[in-house]
Amino acid sequence: MQKNGINWRFIRSHIFVFDATLAILVFLIMSIGIMTLYSAGMDFPGRVEGQIRNILVSFFIMWVMANIPPQTLMRFAIPIYSFGVALLIAVALFGLVKKGSRRWLHVGIDMQPSEMMKIATPLMLAWYFQKREGALRWRDFVIGAVILGIPLALIAKQPDLGTAMLVVAAGFTVVFLAGLSWKFLIFLTTAAAVLIPTVVWPMLHDYQRDRVLTMLDPNRDPLGKGFHIIQSTIAVGSGGLHGKGYMKGTQAHLEFIPEHTTDFIFAVFSEEFGFVGNLILVSLYFLLILRCLMIAANAPTLFARLMAGAVTMIFFTYAFVNMGMVIGIVPVVGVPLPFMSYGGTALVTLGMGLGIMMSVQRNRKLVQT
């Protein structure tokens, strides 16, 4: 339908492609994030302006992904996954080393290829299981494990435990939703309980073992490796019921909380807004995850359902691991709080994930052929 030379049907179908519930929830979380970042970043000029630019880039990526139907996205699964693995191999061969980790490639700018594998790995797995739908055998799950294991091994070698956790969470969600037996899941859980202390623990780097031990007892090195957890838990606890008030948090403004605009921004928010503020924030994340689960449940194809489930797990893992490490129940692994922490790389990944969710919701009435 055209009116005054404007094709309103085109605008509705290609411009206004956002799921209203998802958009409102993310907008509220981002608004809280900008407000908290303004307080946390008082000594870091330009952080708020930079984050707004990051949000705009993420918004554009989300809009692009929302306009790509799941069946079209599926065609790019192999090239995207292959390109991502090739970049990870390039990192292993001649990547940049920063803070003891080889995670970056310099291509005009410094890029971290492992970030794209949070989406590329579940994309490839969802493509494979869609192709095998109705004819799954045990060997298909073995192939799925190989597809997941290749990027995981390359990322763990860098080492980057935080990204590896997110890739495992998203990839394993796809494998499980594809039809992995509960009996086999129980077997894997039991095997992990046996292998972690006997096989995995000796293979960890010294600093990774220190993070686990520090999580269990931060006071073993209160001025060193335990400083982050001790100060963040003090900030969270000192917020009390209603918090100290906006821009009145002492732990952040007196520089006791490290990385308080990025990984530990939740500690700043907790100190200033207390338990009531945390309850509101956690409720928003819960509603976001719930909405994503609803979209996944109503997806029109197995591929769309698997991708939506993987993205939902990415959002959940981001939030759970970040909040967990701030309050001391998860080792510090450098995972940002979704849509709140300062940084562009994570927002790009989150924007891609949101776009995929909105594409699945937009195409939910398609009939699989």
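Residues numbered from 1 in each chain as written. Predicted model: local features only at pLDDT ≥ 70, side-chain atom pairs only at ≥ 80, totals over all residues. Heavy atoms only, no water.

Draft legend 1. Up close: helix α11 (residues 227-238). Look at α11: 16 Å from first C-alpha to last across twelve residues, which is about the 16 Å you get at 1.5 Å a residue. For α11, every residue scored as buried is listed here: I229, I230, Q231, S232, A235 and V236. After α11 finishes, the residue G240 shows a positive phi value of roughly 60°. (Helix = DSSP H or I, 4+ residues; strand = E, 2+ residues; numbered from the N terminus. Expected span 1.5 Å × (residues − 1). Buried < 20%, exposed > 50% of the residue type's maximum accessible area, 1.4 Å probe, protein only.)

Draft legend 2. View of the environment of K98. With respect to the helices and strands, the residue K98 is situated in strand β3 (residues 96-98). Taking relative accessible area as the criterion, K98 reaches 34% and is therefore assigned partly exposed. Note: C-alpha distance between K98 and L354 (256 residues apart in sequence) is 30 Å.

Draft legend 3. Spatial organisation of the side chain of Q112. Tracing the backbone shows Q112 in the loop between β5 (110-111) and α6 (117-131). A distance of 3.0 Å separates polar atoms of two side chains, one belonging to Q112 and the other to D160. Every residue in contact with Q112, bar those within four places of it in the chain, is listed here: R103, W104, D160 and T163. (Polar contact = N/O pair within 3.5 Å; in protein donor to acceptor, adjacent residues only side chain to side chain. Contact = heavy atoms within 4.5 Å.)

Draft legend 4. Quick peek at the layout of surface pockets. Estimated volume of the largest pocket: approximately 1700 Å³. L152, V168, A192, I196 and V200 are the residues nearest the centre of the largest pocket, which is lined by 41 residues in total. When contributions to the lining of the largest pocket are tallied by element, the ones reaching two or more residues are α7 (138-157), α8 (161-177), α9 (182-203), α10 (206-216) and α14 (302-327). The dominant element in the lining of the largest pocket, judged by the number of residues it contributes, is α9, at twelve residues. Per-class residue counts for the lining of the largest pocket are 33 nonpolar, six polar and two charged. (1 Å grid on protein atoms, 1.4 Å probe; cavity = no way out; pocket = protein on both sides within 12 Å on 5 of 7 lines; lining within 4 Å. Points joined across faces, edges and corners; volume = space filled by probe spheres on them. Nonpolar A, V, L, I, M, F, W, Y, C, P; charged D, E, K, R; others polar.)

Note that all results are geometric; they support no functional claim without further evidence.
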